[in-house]
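Residue-level structure breakdown
If you want the building blocks of each chain, they are given just below.
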Amino acid sequence: MTDNSTERRDAAAGVLGAATVATGLVAGTFYVFACAVMPALARSDDRVFIEVMQNIDEVIQNPVFFLGFLGAPVLTAVAARQSRGAPERWWVLAALAAYTLAFVVTVAVNVPLNNGLANAGAPGRIADPAAVRDRFEDPWVAWNVVRALLSTLALACLARALLLRRRPQASAYLASAAGSSASR
């Protein structure tokens, strides 16, 4: 390998690693909501539930979260482009497809539900907080589980791609030389 091709391979490995980390952070976020945040909030009364979810929706919209949430698909797409012809390419493409679906679920379902909850107003002024919660909680929780599973699948695919990338690739020359030596 030339120095230039080694540098490109190292850069591609770095992008794949960064895509894996970003995807893992987002998958972990959705996982924590599914396993801890929402079950804990399920124990709360309606007004507390609404207030906490409104607060979470407000504070999660920050540059650090968006860096991972938007960075994961961008980095995975770049990694897919860089892995043309490599054994890990199909795993990277599968990760991109799974994360894209999780992204679509978030944008098409969870964000509109969050917006509806925000538009309900201050929890203390909502006439029927139970009805507001009923419209929000079950669909949001179900679709969060879907996006948690999809982003975890994307993470698993990227981890597999990293493992394939790390395997030393035997050259055709060395493989033929080993075969001819063994046959003597």
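In this text the structure is predicted, and so the values were computed from the model without any measurement. (Residues numbered from 1 in each chain as written. Predicted model: local features only at pLDDT ≥ 70, side-chain atom pairs only at ≥ 80, totals over all residues. Heavy atoms only, no water.)

Applying the stated rule across the entire model yields three salt bridges. Put simply, Glu88 and Arg165 hold a salt bridge, and the shortest N to O gap is 2.9 Å. Taken as a pair, Glu88 in the loop between helix 3 (63–82) and helix 4 (89–119) and Arg165 in helix 5 (residues 129–166) lie far apart in primary sequence, 77 residues in all. Accessibility expressed as a relative area gives 8% for Arg165, which makes it buried. Across the salt bridge formed by Arg133 and Glu137, the nearest N and O atoms sit 2.8 Å from each other. Highlighted residues: Arg133 and Glu137, both in helix 5, separated by four residues, approximately one helical turn. Taken together, the shared-partner salt bridges connect Asp46, Arg133 and Glu137 into one network. (Salt bridge = Lys/Arg side-chain N within 4 Å of Asp/Glu carboxyl O. Helix = DSSP H or I, 4+ residues; strand = E, 2+ residues; numbered from the N terminus. Buried < 20%, exposed > 50% of the residue type's maximum accessible area, 1.4 Å probe, protein only.)

Below, the discussion takes up the nonpolar core. Within the largest apolar cluster, 20 residues are counted, with the highest numbers of intra-cluster contacts made by Leu16, Phe69, Val92, Tyr99 and Leu158. Listed by contribution, the elements that provide at least two residues to this core are helix 1 (3–42), helix 3, helix 4 and helix 5. The residues touching Tyr99, leaving out its near neighbours within four places in the chain, are Thr23, Val26, Gly68, Phe69, Ala72, Pro73, Ser151 and Ala154. With 13 residues, the next largest nonpolar core counts Phe49, Leu113, Ile126 and Phe136 among its residues. (Core = buried A, V, L, I, M, F, W, Y, C linked by side-chain atoms within 4.5 Å. Contact = heavy atoms within 4.5 Å.)

Right, let's talk about helix 3 for a bit. Taking 1.5 Å per residue as the helical rise, helix 3 with its 20 residues ought to reach 28 Å, and the 26 Å between its terminal C-alpha atoms agrees with that figure. A maximum bend of about 40° is found in helix 3 at Gly71, where proline Pro73 lies one to four positions downstream. Those residues of helix 3 that fall on the buried side of the exposure criterion are Phe65, Gly68, Phe69, Gly71, Ala72, Pro73, Thr76, Ala79 and Ala80. The N-cap of helix 3, judged by a side-chain oxygen 2.9 Å from the amide nitrogen of Val64 a few residues on, is Asn62. (Expected span 1.5 Å × (residues − 1). Bend = angle between axes of the 7 residues up to and from the residue. Polar contact = N/O pair within 3.5 Å; in protein donor to acceptor, adjacent residues only side chain to side chain.)

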